[in-house]
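# Observations on the three-dimensional arrangement
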Amino acid sequence: MLVYYLVTALHVLVCVILILVVLLQSSKGADLAGAFGGSSTQTAFGSRGPASFLSKITTVSAVIFMGTCLALSLMGGRQQNRSIFDTTKQPVSKKPAAQPAPQAPAPSPDEIKKIQQEVEQKQKQEAATGQGAASGGTPARTPEQESKPEAPKKKP
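Bear in mind that the values here come from a model prediction, so they are computed numbers and not experimental data. (Residues numbered from 1 in each chain as written. Predicted model: local features only at pLDDT ≥ 70, side-chain atom pairs only at ≥ 80, totals over all residues. Heavy atoms only, no water.)

Scanning the protein from terminus to terminus reveals six helices and zero strands. Listed by position from the N terminus, the elements making up the protein come as α-α-α-α-α-α. For the protein, buried positions account for 7% of its 156 residues. Summarising the internal contacts of the protein: among those between residues at least 6 apart in sequence, 77% fall at separations of at least 24. (Helix = DSSP H or I, 4+ residues; strand = E, 2+ residues; numbered from the N terminus. Buried < 20%, exposed > 50% of the residue type's maximum accessible area, 1.4 Å probe, protein only. Contact = heavy atoms within 4.5 Å.)

Here it is as structure tokens:
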């Protein structure tokens, strides 16, 4: 792991050196005559004179930069990708998770019509028995009353 950090530090240092060396170099035809086309005496690719000190440093730093890039990519490929779930303890449940009860399928339009007709028939029957209650019969009970048992009547 220490080697990885050393190569990373060298890589950053070479990056900074490479940027500075490239910016310090003067371009070919950098004089005022070159800006107006007055440098026609030079060859198309520049003179073949000896390389300057800055160009040698540029070459060396570029080679070191490429080497550190290759080294970092090879070292980074060896590291295992870990998930946070690999390092945390998972709670162990002793019973399986409760599965939801299957839902009944929705009724079709024909079934809905049948149910509505049955409800209307019951309401008509209750209305008919309700008229009989008004004439002295037993009163009709609501659905809430049907679910509750009747309280016993006290005898005087």
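In the predicted model, the protein carries a mean pLDDT of 76, and 59% of its residues have values of at least 70. No element of the protein has a lower mean pLDDT than helix α2 (residues 32-35), which averages 52, and none a higher one than helix α1 (residues 2-24), which averages 93. (pLDDT = per-residue confidence, 0-100.)

Here the focus is the packing of aromatic side chains. This model, assessed by the stated rule, comprises one aromatic pair. Ring geometry for Y4 and Y5: centres 5.9 Å apart, planes at 70°, overall edge-to-face. The partly exposed category is assigned to Y4, whose relative accessible area is 25%. (Phe/Tyr/Trp six-rings, centres within 6.5 Å; stacked < 30°, edge-to-face > 60°.)

Relative to the 33 Å expected for 23 residues at 1.5 Å per residue, α1 spans 33 Å between its end C-alpha atoms, a close match to the ideal helical length. Three or more residues of α1 are buried, namely V7, H11, V14, L18 and V21. (Expected span 1.5 Å × (residues − 1).)

With that settled, the discussion passes to a nonpolar patch on the surface. Taken together, L10, L13, I17, V60 and I64 make up a surface patch of nonpolar side chains, about 400 Å² in accessible area. Among the secondary structure elements, those contributing two or more residues to the nonpolar patch are α1 and α3 (53-78). Counting through the fold element by element, I17 comes out in helix α1. On the accessibility criterion, I17 (35% relative accessible area) is partly exposed. (Patch = residues over 30% accessible without salt bridge, like charges linked within 9 Å, V, L, I, M, F, W, Y side chains within 5 Å. Areas by Shrake-Rupley, 256 points an atom, 1.4 Å probe, with all protein chains shown as cover. Salt bridge = Lys/Arg side-chain N within 4 Å of Asp/Glu carboxyl O.)

Enumeration according to the criterion identifies zero disulfides in this entry. C15 provides the cysteine sulfur closest to C69, a residue in no disulfide bond, and the two sulfurs are 6.6 Å apart. Judged by its relative accessible area of 29%, C69 is partly exposed. (Disulfide = S-S within 2.5 Å.)

All right, on to the side chain of T58 then. In this structure, T58 sits in helix α3. Apart from the residues within four sequence positions on either side, T58 is in contact with L18, V21, V22 and Q25.

We now examine the environment of M66. By secondary structure assignment, the location of M66 is in helix α3. Overall, M66 belongs to the exposed group, its relative accessible area being 56%. Residues M66 and H11 lie 55 residues apart in sequence; the distance between their C-alpha atoms is 9.0 Å.

The next subject is the side chain of T68. Summarising the element assignment, T68 is placed in helix α3. Among the polar contacts made by the side chain of T68, one reaches the main-chain carbonyl oxygen of F65 at a distance of 2.9 Å. (Polar contact = N/O pair within 3.5 Å; in protein donor to acceptor, adjacent residues only side chain to side chain.)

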